[in-house]
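Chain by chain, the residues:
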Amino acid sequence: MRTTDFIRHILIALLIATIFLAGIQLRRWIGDTTRHVRYQHDIVNGFYWGSEVLAQARRVSPDEASANSWPGFCRGYFALYDRVKDKAYKNDYGLDYPPLRLLVMAIWAKQVRSEFAGVDDGHPKLVNPLLKINLLSEMLSAIAIFLLVRLCVRQSSWATRSWLLNILPQQHRASICGLAAASVAWLEPSMILDAHGWPQWDVWVLPFYLFAALAALRNRWFWCGCLLAAGAMLKGQLLFVAPFFVLWPLWQKRWLPALRVLAGFLATIAVIVSPWLLRTSAAWISVAAVASISSLFVLRYKLPHGAVWLAGVIGCAVFVIGAFTGGSFAWLQVGFIYGTEHYPYLFITSCYNLPSLLSKVGLSLKDSFVSIHLGSMHLHVTLQWTLRLLYLGALALCARGLARHLRDRDPRVLIAIAAPWLLMFALLGQMHERYLMWGAVVSAVALGVSVRLSIIHFIISIASTTMIVHVMLIDKKLEATLPAIDVLKHIRSYGAIVVLGCVAVYLWNTLSIRIPIFQHREVRPGATSSLALAPEPEEA
């Protein structure tokens, strides 16, 4: 038996290594074969704004040596948002990077400039460091999906009669499903094309979302909020799905976990943006005073999870004190709000979603969709806000379905975790075509639920890849690709219907009480739950 176990472990290790190396080789091949259609604009844009941080460092530094130092770099970084806001014409900032994303681009530009001092802004060199960050994010996403699927399948193994689970050895089924889902996510074509063919930096937020979901399942709600905040500082679109983690415990009638998520979120954001908000000594002293008084209160009354509440109070204090002491909120206006106003269209380029279909009938984002008359008051709700309210309602239903599946120990918890990204793309306006990539990757968790939902995942993956290919071909418009461009243009409406149907299936499985393949079964005596089915102490 020991020899058999050893051989099995060796074979599993070889399988994992083969899948990993195949993914690496596939990424290299994609990077090489897509050079002629590479979407260069995003690389140029990132390098330009990173270089602007260096230029701002020279403006605010007394000499060149000081500007090239790290303290000078920090001065330029913290001053750029205000300069962009002050110099913008009619609030057209051009820059829409959140703070951490701008920081990464600035460090990258500094590295490139140090090696190639005279490099042209239009032809940035050494994009490999950003591609390595993409690769790291993809690896972490695959690991997180493995952990999520293994956790949920392990919990549901004794509670369901899914033939997909029953054909697997009971003692290994959770790990096998997790490995299958992680492998599919690691080899996801739309993610590889987005990260290494386009290339873009969308994949950076995936590990934060997935590990936030894992933290929530483990009752680490404070760390869940911290992860969401850090991810949002890299890509603001994460804010659209973040409310899911507040609604989740609320549907379970657990108010304290929801507050802990908010505390972690506020504390992390406050730490990141404090250099912009706290610009005077009086502001820092005020925050220190609030922290001291709050610490004494927590110690005096021995509050449970005192460190969590202390972090939340200090986070709120940073924002309040910053607002009253002249702190700068340019990072918010430029890095987040501007992005919601930059593209006032129902969809961008080629999207298979509801707004794309609505545009076919002549509707636009700012059209008045609903008019409400209350006496002398006239309220006009635009199509943009109608879609947002529809999405928020669907997000609340997802949280409700997840709470029910947790109670029933149903593996469709995984589908509920994937649904917010799919609903965001399917329902909201102003979506870029590549944003379905997030849903395509996260929906790989369906391999731990059922074959039917796994097939739906692969359809979503094909649709996501097709949209990205379409945009890359449109940008270059090579003669050899014109027929393909014409075909992809004509199938857009059919693609939108297919994607909406797939999202509807996932939403139905999130909300429905039970599907036929899931039949409850008596839980094995002594089996322990690894999911957060009831309030438990949190380790802050």
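Residues numbered from 1 in each chain as written. Predicted model: local features only at pLDDT ≥ 70, side-chain atom pairs only at ≥ 80, totals over all residues. Heavy atoms only, no water.

1. Notes on the environment of methionine 424
As a reminder of what qualifies: Under the scheme used here, helices are H or I runs from DSSP no shorter than 4 residues and strands are E runs no shorter than 2 residues, and both carry numbers assigned from the N terminus. Only protein chains enter the area calculation, which uses a 1.4 Å probe; residues under 20% of their type maximum are buried, those over 50% are exposed, and those in between are partly exposed.
With respect to the secondary-structure elements, methionine 424 resides in helix H20 (residues 413-427). Overall, the relative accessible area of 0% leaves methionine 424 in the buried class. For the pair formed by methionine 424 and asparagine 353, sequence separation is 71 residues and the distance between their alpha carbons is 9.7 Å.

2. Quick word on the layout of surface pockets
Note the cut-off: Of the grid points, spaced at 1 Å and generated over the protein atoms alone, those admitting a 1.4 Å probe that cannot get out make up cavities, while open sets with protein on both sides within 12 Å along at least five of seven lines make up pockets; any residue with an atom within 4 Å of a point is treated as lining. Grid points are joined across faces, edges and corners, and a volume is the space filled by probe spheres set on the points.
Within this model, the largest pocket holds a volume of roughly 1200 Å³. Taken together, 50 residues line the largest pocket, and the ones lying closest to its centre are Gln237, Phe240, Gly339, Thr340 and Tyr435. Among the secondary structure elements, those contributing two or more residues to the lining of the largest pocket are helix H2 (40-59), helix H12 (238-241), helix H14 (255-277), helix H17 (330-342) and helix H19 (383-408). For the lining of the largest pocket, the element with the most residues is H17, which contributes 7 residues.

3. A word on the packing of aromatic side chains
Which entries qualify depends on this criterion: Only Phe, Tyr and Trp rings take part, Trp by its six-membered ring, and two of them pair if their centres are within 6.5 Å. Stacked means planes under 30 degrees apart, edge-to-face means over 60, and tilted covers everything else. Think of it as a cone above the ring: NZ of Lys or CZ of Arg counts as a charge over the ring if it is within 6 Å of the ring centre and within 35 degrees of the ring normal.
Enumeration over the complete set of coordinates arrives at 22 aromatic pairs. Measuring from centroid to centroid gives 5.1 Å for phenylalanine 78 and tryptophan 276, while their planes differ by 80 degrees, and the two rings are edge-to-face. With phenylalanine 78 in helix H4 (residues 70-87) and tryptophan 276 in helix H14, the pair connects residues that are 198 residues apart, well separated along the chain. Tryptophan 276 sits in the buried class, given a relative accessible area of 0%. Taking 5.3 Å as the distance between ring centres and 70 degrees as the angle between the ring planes, the aromatic pair formed by tyrosine 209 and tryptophan 421 counts as edge-to-face. Placement of tyrosine 209 in helix H10 (residues 206-217) and of tryptophan 421 in helix H20 is noted, with a sequence separation of 212 residues between them. Note on accessibility: tyrosine 209 and tryptophan 421 belong to one class, buried. Aromatic ring contacts, followed pair by pair, group Tyr209, Trp221, Phe244, Phe245, Trp248, Trp421, Tyr435 and Trp438 into a single cluster. In this structure, lysine 110 is placed above the aromatic ring of tryptophan 70, and the distance from its NZ or CZ to the ring centre is 5.0 Å.

4. Brief notes about unusual backbone geometry
Along the chain, tryptophan 198 connects to proline 199 via a cis peptide bond; the corresponding omega equals -20 degrees. Within the secondary structure, proline 199 sits in the loop between helix H9 (189-197) and H10. For threonine 349, which is not glycine, the phi torsion reads 65 degrees and is therefore positive. One non-glycine residue, glutamine 430, lies in the positive phi region at around 65 degrees.

5. Re helix H24 (residues 492-511)
Definition in use: Multiplying 1.5 Å by the helix residue count minus one yields the expected span of that helix. The arc under discussion is defined with respect to the helix axis, by the directions toward the C-beta atoms. In this description, contact between two residues means that some pair of their heavy atoms is separated by no more than 4.5 Å.
Along its 20 residues, H24 runs 28 Å from first to last C-alpha, staying within 8% of the 28 Å computed at 1.5 Å per residue. Within the span of H24, buried status applies to Arg492, Gly495, Ala496, Val499, Cys502, Val503, Tyr506, Asn509 and Thr510. Here the buried residues of H24 occupy an arc of 155 degrees about the axis, which is enough to place them on one side. For H24, exposure combined with an orientation more than 90 degrees from the buried face picks out Tyr494, Ile497 and Trp508. Where H24 is buried, its residues contact helix H18 (354-360), H19, H20, helix H21 (436-442), helix H22 (451-476) and helix H23 (482-490).

6. A word on the pattern of salt bridges
For clarity, the threshold we go by: The working definition used for a salt bridge is a side-chain nitrogen of Lys or Arg within 4 Å of a carboxyl oxygen of Asp or Glu.
For the coordinates displayed, the defined rule picks out 7 salt bridges. In this structure, arginine 27 and glutamate 138 form a salt bridge, with 3.2 Å as the shortest nitrogen-oxygen distance. Of the two residues, arginine 27 is situated in helix H1 (residues 2-33) and glutamate 138 in helix H6 (residues 128-156); the sequence distance between them amounts to 111 residues. Here the two residues arginine 27 and glutamate 138 agree in accessibility, since each one is buried. Aspartate 408 serves as the salt-bridge partner of arginine 407, at 3.2 Å between the closest nitrogen and oxygen. For arginine 407, a relative accessible area of 58% puts it in the exposed group. Aspartate 408 sits in the buried class, given a relative accessible area of 19%. Among the charged side chains, a salt-bridge network with shared partners connects Asp202, Lys235 and Arg434.

7. Considering helix H13 (residues 244-251)
Restricting attention to buried positions, one finds in H13 the residues Phe244, Phe245, Val246, Trp248 and Pro249. Those residues of H13 hidden inside the fold are in contact with H10, helix H11 (221-232), H12, H14, H19 and H20. Positive phi appears at lysine 253, one or two residues downstream of H13, with a value of about 60 degrees.

8. Things to note about the packing of H20 against H24
Stated precisely, the cut-off is as follows: Axes here mean lines fitted to C-alpha atoms, for a helix over just the part in contact, with angles spanning 0 to 180 degrees between N-to-C directions. In a left-handed crossing the near helix is turned counterclockwise from the far helix by less than a right angle, and in a right-handed crossing that turn is clockwise. The nonpolar class holds Ala, Val, Leu, Ile, Met, Phe, Trp, Tyr, Cys and Pro. Asp, Glu, Lys and Arg form the charged class, and all remaining residues, Gly among them, are polar.
Packing of H20 against H24 brings their axes to within 9 Å, and their N-to-C directions diverge by 145 degrees. Remark: the crossing between H20 and H24 carries left-handed chirality. Residues Ile415, Ala416, Ala419, Leu422, Leu423 and Ala426 of H20 lie in contact with H24, whose contacting residues are Leu500, Val503, Tyr506, Leu507, Asn509 and Thr510. Across the contact of H20 with H24, the residue classes tally to 10 nonpolar, 2 polar and no charged.

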